[in-house]
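Secondary and tertiary structure notes
Listed below, chain by chain, are the residues.
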Amino acid sequence: MRRPLGIILPILLLIVWEIAARSINNQFILPRLETVVPVLLSPTVDILGTGSLVHNALVSLERVGAGFLVALAIAIPLGVGMGWSQRFDALVDTTIQLLRPIPPLAWGPLAIAWFSVGINSMVFIIFLGAFFPILLNTIDGVRAVKRTWVEVAQTLGASERQVLSKVVLPGASPTIWTGLRVGFGIAWMCVIAAEWLPGTTSGLGYLTLYAYNFGQMHYIIAGMITIGIIGIAFDLLFRSVEDRWFCWRGLER
Amino acid sequence: MKGMRLLLIGCLAVLLIAAGCTTTQQATGDVGILYTKGTGPMPTLLATKQIDGYIAWQPFVEVAPVAHIGKVITYSGELPPDDRWKNHPCCVLTARTDLMSSNPAFVDAMGAATILATQYVTDHPSEAADMVADWLAGKGNFTYGNITVSSVDVLDRAFPTVKFVNEPSDQWMNGQVEFVYALRELGALTGSLKNSSDAESKAILFDTGPYTRAMAMINASSITVPEAEANPIGVGYLLSDHHASLFVAVKKWQYFNDTYGIALKPEDPTATRPDLVDLLVKGKKVATLKLIPADAGPQLMQLAATNTIQVAYVGNPPAIAAIDKGTPLKILMALNNEGSGVVVITDSPATDWASFVQWAKERSAAGKPIKMAAPGKGSIQDVMLRYALEESGLSVKEVQA
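Rules of the game
Residues numbered from 1 in each chain as written. Chains lettered and ligands numbered in written order. Predicted model: local features only at pLDDT ≥ 70, side-chain atom pairs only at ≥ 80, totals over all residues. Helix = DSSP H or I, 4+ residues; strand = E, 2+ residues; numbered from the N terminus. Buried ≥ 20, exposed ≤ 12 C-beta atoms within 10 Å, placed from the backbone. Contact = placed C-beta atoms within 7 Å. Axes fitted to C-alpha atoms, helices over the stretch in contact; angles between N-to-C directions. Left-handed = near helix turned anticlockwise from the far one by under 90°. Nonpolar A, V, L, I, M, F, W, Y, C, P; charged D, E, K, R; others polar. Pairing = 2+ DSSP bridges. pLDDT = per-residue confidence, 0-100. Parallel < 35°, antiparallel > 145°, perpendicular 65-115°, else oblique. Domains from an automatic or database assignment.

In terms of regular secondary structure, chain A is built from 10 helices and zero strands. Taken from N to C terminus, the helices and strands of chain A fall in the order α-α-α-α-α-α-α-α-α-α. Counting only C-alpha atoms and orienting by the principal axes, one finds that chain A spans roughly 75 × 55 × 30 Å. The burial tally for chain A puts 40% of its 253 residues in the buried class.

The structure is reproduced here in structure tokens:
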């Protein structure tokens, strides 16, 4: 019953959109549905020489995947270390807190200077977006692992390495997974912004910005909808994994 | 006799002005200028009446009439004062000096490829417009509400307003020096060009060697094969038909290769906007070029300053400002003259510059000064609009959105 209810508002929204678009009659403010829908229905057709929606979506996904994997590879070990060792946490935490509030895109000019234009600087910005949520959730997850589990393992003679890999990491995994989910969401937002950096010639973010130059709002909205749909799809994917593998969370008491 | 008297009066007036004894024009109104960091937001701002007009480079001037959101009141060559901006310099080819000294023949070859492509553009304007439409929009259509226009048609309209030339003539250099003055007035020059004499400015800005040598090679029908570059060379450009020679050089590479033995061959021949091209001289690959588009000149100059790009197709003020700040760059030749235009909203009473000025004065008197957008402070478009407005007795105020 929840799904049918949830669909009512989007349909209403579409109707309101079309009515508003017709009455405003200014496609720069709101293009009509009938200019946007054909673009979405033909996702393999080239748009302004920038490539098709599908092509650009794949390009963006590739970039986000790369940035996300780098973030994951650094944030999880670092988070486990910070969550496990108070001394290590004391050493690193201040630096992390100083860097965390800087919006990833503010690094744009430096990213270009350090990593040159193109994929590397974009990956850097996406990495920054995904890094902090993964890190903070990993730290939280590690700290929240029940002391008793750790103590039991230690009493039974487990080495620190064994405790970490057999108890702490699995115990923290539901929270880490949440971090990955949030991190991917932010990374996906960052890829759009990263593609606004000079030197980019493809990607959904680039496509929307490029269409802006010619006032092609229907392409912009089609791009935005594609961005949204892909975002939702990945969130559902992360959530279904969460439901299947980490449903024990909250049941362990 | 009468001419003599006029001349005397003229000289006297100039002296008085120079001495500060009289004001040239009492400002009789204000105009606001809004900087939009490139042309991107302009059509939208105009269509939603957040601005009353804009000055932009082509083809974004034509977007307004085609979308029925504005009309062109004048192209940049006709802006006042009379003949002041006729054939005004616009975009230029620049290269980093370290590249010029490490591989001069490479820079000469780039110059030759550009000159040959410019010749092709002037000889075959409609074919060139077609190729530019392909580069900028995949020859796709622009849709504005119920109106759909082919990008080819838009480029066909824009093309005749741009003059494609390469020769770094004396007149052209003097025109460039005018921009040095303009940028000084805006406080944009703080380095080597802050107090330089005209001759010094020219020495700092230009190196016409590559142009001379490229012309010699073209005339001799033999391009020297440069030393191969191991690393890719970054080539920046703007998405404007001003840089048609680059687009045509790439799109028409086979023709240039067969006819002149020099070509910019795209690595992916199916790409509408290739980003990797090979410089071929006499069939031999000399270098991989990474073509890097940007929204506006200052971005390109930042990339040049960090050595991300070594060659740039760019507007002259960003190049002048970058060289002033110490970026090791030289202006090698012209790419185009003119090619910008002033657009106002459709329901404006203005139809030409004179009625535009009238309109601006009325709006200012009514306490609602008009607001014009320009791509960036100190851009060619900004400089010309400021000069023209001040010449017409309007003072310019920078405004926020």
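Of the regular secondary structure elements, chain B holds 16 helices and 17 strands. Taken over the C-alpha atoms alone, chain B extends approximately 65 × 55 × 45 Å along its principal axes. Once local pairs closer than 6 in sequence are excluded, the contacts in chain B between residues at least 24 apart make up 74%.

This part takes up the packing of helix 3 (residues 53-84) of chain A against helix 6 (residues 119-144) of chain A. Residue and element names in this part refer to chain A. Between helix 3 and helix 6, whose axes approach to 6 Å, the crossing angle comes to 30°. For the crossing formed where helix 3 meets helix 6, the hand is right-handed. In terms of residue class, the contact of helix 3 with helix 6 is made up of 24 nonpolar, four polar and two charged.

It is worth spelling out the sheet that holds strand 12 (residues 311-315) of chain B at this point. Residues and elements named next belong to chain B. The seven strands are arranged 9-10-11-8-12-4-13 in an open sheet whose pairing can be described as mixed. Looking at strand neighbours, the two that pair on one side only are strand 9 (262-266) and strand 13 (329-334), the edges of this open sheet. Sheet twist, expressed as the average angle between the axes of neighbouring strands with direction ignored, equals 30°. Of the strand pairs in this sheet, strand 4 (residues 91-96) and strand 13 are connected by five bridges, and their pairing is antiparallel. Looking across to strand 13, one finds that Leu93 is bridged to Met333. Running at roughly 80° to strand 9, helix 11 (residues 244-251) makes contact with strand 8 (233-238), strand 9, strand 10 (276-281) and strand 12 of the sheet.

The next thing to look at is the pairing of strand 15 (residues 340-345) of chain B. Residues and elements named next belong to chain B. When you tally the buried positions in strand 15, you get five out of six residues, the bulk of the element. As judged from the five bridges shared by strand 2 (residues 53-57) and strand 15, these two strands associate in the antiparallel manner. Looking at strand 15, one finds that Ala56 is bridged to Gly341.

Right, let's talk about the interface of chain B and chain A for a bit. At the junction of the two partners, chain B supplies 30 residues and chain A supplies 23 residues. Of all elements in the fold, only helix 2 (42-47), helix 3 (60-66), helix 6 (125-137), strand 5 (141-144), strand 11 (284-294) and helix 13 (297-305) of chain B reach the threshold of two or more residues within the side of chain B that touches chain A. When residues of the side of chain B that touches chain A are assigned to their parent elements, the largest contribution, four residues, is made by helix 6 of chain B. Among the residues forming the side of chain B that touches chain A, the class breakdown is 14 nonpolar, 12 polar and four charged.

So, about the sheet that holds strand 16 (residues 371-374) of chain B. All names here are of chain B. Overall, mixed pairing links the six strands, which are arranged 3-15-2-16-1-17 in an open sheet. Single-partner strands in this sheet number two, and they are strand 3 (70-75) and strand 17 (395-398). This sheet shows a mean twist of 30° between the axes of neighbouring strands, independent of strand direction. Inspection of the sheet shows strand 1 (residues 30-35) paired to strand 16 by four bridges, in the parallel sense. Looking across to strand 16, one finds that Tyr35 is bridged to Ala374. Contacting strand 1, strand 3 and strand 15, helix 15 (residues 353-365) crosses the sheet at an angle of about 120° to strand 3.

On to the confidence of the model for chain A, then. For chain A, the average pLDDT comes to 90, and 97% of its residues sit at 70 or higher. Mean pLDDT across the secondary structure elements of chain A bottoms out at helix 5 (residues 108-115) of chain A, with 86, and peaks at helix 3 of chain A, with 96.

Residue and element names in this part refer to chain A. Summarising the element assignment, Leu30 is placed in the loop between helix 1 (2-24) and helix 2 (33-41). The class for Leu30 is partly exposed, based on 19 C-beta atoms found within 10 Å. Between the alpha carbons of Leu30 and Trp17 there is a distance of 7.9 Å; along the sequence they are 13 residues apart. Each residue touching Leu30, except ones within four places of it in the same chain, is listed here: Trp17, Ala20, Ala21 and Ile24.

Moving on to the packing of helix 5 of chain A against helix 6 of chain A. Residues and elements named next belong to chain A. Viewed as axis vectors pointing N to C, helix 5 and helix 6 meet at an angle of 135°, and their least axial separation amounts to 8 Å. When the axes of helix 5 and helix 6 are compared, the pair comes out oblique. Of the two elements, helix 5 crosses helix 6, and the hand of that crossing is right-handed. Of helix 6, the residues touching helix 5 (which contributes Gly108, Ala111, Ile112 and Phe115) are Asn120, Ser121, Phe124 and Ile125. Taken together, the residues that form the contact of helix 5 with helix 6 break down as five nonpolar, three polar and no charged.

Moving on: unusual backbone geometry. Residues and elements named next belong to chain B. In this structure, Pro59 follows Gln58 across a cis peptide bond, with omega equal to 5°. If you trace the backbone, Pro59 turns up in the loop between strand 2 and helix 3. Of note, the amide linkage connecting Pro80 to Pro81 takes the cis form, showing an omega dihedral of -5°. With respect to the element layout, Pro81 can be found in the loop between strand 3 and strand 4. With a phi close to 50°, Lys37 is a non-glycine residue in the positive phi region. Relative to the assigned elements, Lys37 resides in the loop between strand 1 and helix 2. On the basis of neighbour counts, which here come to 14 C-beta atoms within 10 Å, the residue Lys37 falls in the partly exposed class. Within the chain, Asn87 stands out as a residue other than glycine whose phi angle is a positive 55°. When you line up the elements, Asn87 lands in the loop between strand 3 and strand 4.

Residues and elements named next belong to chain B. Considering every residue of chain B, the mean pLDDT works out to 91; 93% of them sit at 70 or more. Between residues 15-25, whose pLDDT stays under 50, and residues either more than four places distant or in other chains, the model counts five contacts. Here the prediction assigns the complex a pTM of 0.83, and the interface score ipTM is 0.74.

Glancing now at the domain arrangement of chain B. All names here are of chain B. For chain B, the assigned domains are domain 1 (25-87 + 339-398) and domain 2 (91-338). Between the C-alpha centres of domain 1 and domain 2 there is a distance of 27 Å. On the domain 2 side, the residues contacting the 25 residues of domain 1 number 30 residues. Mapped by element, the contributors of at least two residues to the side of domain 1 that touches domain 2 are helix 3 and helix 16 (380-391).

Before going further, it helps to examine helix 11 of chain B. Taken across its eight residues, helix 11 of chain B has eight buried, putting it largely inside the fold. Every buried residue of helix 11 of chain B is listed here: Ala244, Ser245, Leu246, Phe247, Val248, Ala249, Val250 and Lys251 of chain B.

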